[in-house]
Amino acid sequence: MRILVTGGCGFIGSHVVRQALMIPNVERVINLDALTYSGHPQNCFDIEDSRYHFIHGSINEESLLKEIFQTEQISVILHLAAESHVDRSINSVKPFIETNIEGTRIILESIVEFKRLGQDIHLIHVSTDEVYGSLNPEDPPFTEKTSLNPRNPYAATKAASDMLVQSFVNTHDISAVITRCSNNYGPNQFPEKLIPLMTLNAMNGDNLPVYGDGKQIRDWIHVVDHSNGILCAMLGLIMGRLSTGEVINFGASNEVENIEIVEKIIHLTNADKSQIKYVKDRPGHDRRYAMGFQKAKKILGWYPEIEWSEGLAKTVEWYKENSEWVESITSGQYREWLTNQYGETI
Ligand SMILES: NC(=O)c1ccc[n+]([C@@H]2O[C@H](COP(=O)([O-])OP(=O)(O)OC[C@H]3O[C@@H](n4cnc5c(N)ncnc54)[C@H](O)[C@@H]3O)[C@@H](O)[C@H]2O)c1
């Protein structure tokens, strides 16, 4: 297997790169990352494996992509590169359309071109539970058969890219699987997302901005469990346990309200409840996500292994112990974004 990981300097991508290198018959792992604000070279600095190589560039650079396919004889793409933050997609959807839709289009058309030349490339397209929309309290979790109903611009661009992948499977007979996962937590996550944002603010004695009533529910999964799932899907597709065009959901049956997470983080950091500041809710904020992952269990033998309380405590510990990483990522630009997003509450 000669793997191209797109977005391998991001939160999930950096864990996928590490875990892919643990598979003995993986010959090569190329990490193509544009290093946008959320991509951090330091996430992969310590990887010394000679099979690993980083290339600074964008999936939107078609000629670069094809050069990598050819010179590295790529046989699998784990496609994670994306604009991934809902709040940013509300401010401007343009970069989301460029990366999530147009970037995926370029990958798909390049795969078709190489297939014609006799080089088959499998694609694992990494997507999200957000494409399914929002659940009511009494609804069962999403399954792979749930209709797509994206309700924010980020989710709409991910759903569009999922549908492009499925259309290319049907029309061009490419080999591809779509994985959809619930909210990830763990080390190396850019601190605009809930858990690292609250952890760093709690540690610094800053305000903890909570959207609306704080009762939005997500099904939290550790990033290592998700990364394992992506690699299981890759092996499943290559070995024929999964057919091309299939969708696989990953979740953790771990539904938690945002406010409960904030309170746990306050406890883990010895912060104070008075730091909580309720702010105006995000427009169109989905209320509840929950993922059914029976298919992954049955076909891939995959299930989440990291227990939530322990996983969260270790994650908070990681942010405490990695102040250099935190300092390098929380630049002036990041502070500026926080103030724009949450106003004077920070
Ligand atoms: N974070 C979650 O909870 C979650 C859950 C389910 C699915 N996902 C999906 O997983 C993937 C990774 O998410 P993440 O949380 O690690 O995101 P992230 O924002 O931390 O990482 C994205 C990475 O992609 C890179 N990138 C952006 N545009 C690029 C381009 N044009 N070319 C090459 N690289 C580019 C960035 O530099 C960054 O390193 C995304 O596709 C996301 O939709 C995320």
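Going by the structure above, here's the rest.
Residues numbered from 1 in each chain as written. Predicted model: local features only at pLDDT ≥ 70, side-chain atom pairs only at ≥ 80, totals over all residues. Heavy atoms only, no water.

Participant: Please give an account of the pairing of strand β11 (residues 247-250) that cites residues and values.
Facilitator: Neither face of β11 is exposed, since V247 and N249 on one face and I248 and F250 on the opposite face are all buried. Relative to β11, strand β6 (residues 176-181) runs parallel, the two being bridged by 4 bridges. Within β11, the position partnered with C181 by the bridge is F250. (Buried < 20%, exposed > 50% of the residue type's maximum accessible area, 1.4 Å probe, protein only. Helix = DSSP H or I, 4+ residues; strand = E, 2+ residues; numbered from the N terminus. Pairing = 2+ DSSP bridges.)

Participant: Give a description of the sheet that holds strand β3 (residues 52-56) that names residues and reports values.
Facilitator: The strands making up a sheet associate through backbone hydrogen bonding, with each pair oriented either parallel or antiparallel. If you walk across this open sheet you meet the 7 strands as β3-β2-β1-β4-β5-β6-β11, and the pairing is parallel. Either end of the sheet is taken by a strand with one partner, and the two such strands are β3 and β11. Between one strand and the next, the sheet's axes are offset by a mean angle of 20°, whatever the strand orientation. Across the face of the sheet, helix α7 (residues 223-238) comes into contact with β1 (2-6), β4 (76-79), β5 (122-128), β6 and β11 while running at roughly 145° to β5. (Axes fitted to C-alpha atoms, helices over the stretch in contact; angles between N-to-C directions. Contact = heavy atoms within 4.5 Å.)

Participant: So what's going on with the packing of helix α6 (residues 194-204) against helix α10 (residues 308-321)? Which residues, and what values?
Facilitator: Two elements in contact, α6 and α10, have axes whose closest approach is 10 Å; the angle formed by their N-to-C orientations is 55°. On the basis of their axis angle, the class for α6 and α10 is oblique. The way α6 lies across α10 gives a crossing that is right-handed. Along the contact surface, α6 presents I195, P196, T199, L200 and M203, while α10 presents W308, L312, T315, V316, Y319 and K320. Split by residue class, the contact of α6 with α10 holds 8 nonpolar, 2 polar and 1 charged. (Parallel < 35°, antiparallel > 145°, perpendicular 65-115°, else oblique. Left-handed = near helix turned anticlockwise from the far one by under 90°. Nonpolar A, V, L, I, M, F, W, Y, C, P; charged D, E, K, R; others polar.)

Participant: Before we move on, could you go through the state of the cysteines and cite the residues and values that matter?
Facilitator: Per the stated rule, a full pass over the model turns up 0 disulfides. The closest cysteine sulfur to the non-disulfide-bonded C9 is located on C44, 4.5 Å from its own sulfur. On the basis of relative accessible area, C9 is assigned to the buried category, the value being 2%. Here C181 stays free of any disulfide, with the sulfur of C232 as its closest cysteine sulfur at 12 Å. (Disulfide = S-S within 2.5 Å.)

Participant: Talk me through the site of the ligand; I want residue IDs and the actual numbers.
Facilitator: In the vicinity of the ligand, 30 residues are found, and the nearest of them are I12, D33, S38, Y154 and K158. Interatomic distance of 2.8 Å between a backbone N/O atom of I12 and an oxygen atom of the ligand. Residue K158 places a side-chain N or O atom 2.7 Å away from an oxygen atom belonging to the ligand. Isolated, the ligand exposes 830 Å² of accessible area, and the fraction of that covered by the protein chains is 96%. Of all the secondary structure elements, the ones that give two or more residues to the shell around the ligand are α1 (11-20), β2 (28-33), β5 and α5 (153-172). At 3 residues, β5 tops the list of elements feeding residues into the shell around the ligand. (Near = heavy atom within 4 Å. Polar contact = N/O pair within 3.5 Å; in protein donor to acceptor, adjacent residues only side chain to side chain. Areas by Shrake-Rupley, 256 points an atom, 1.4 Å probe, with all protein chains shown as cover.)

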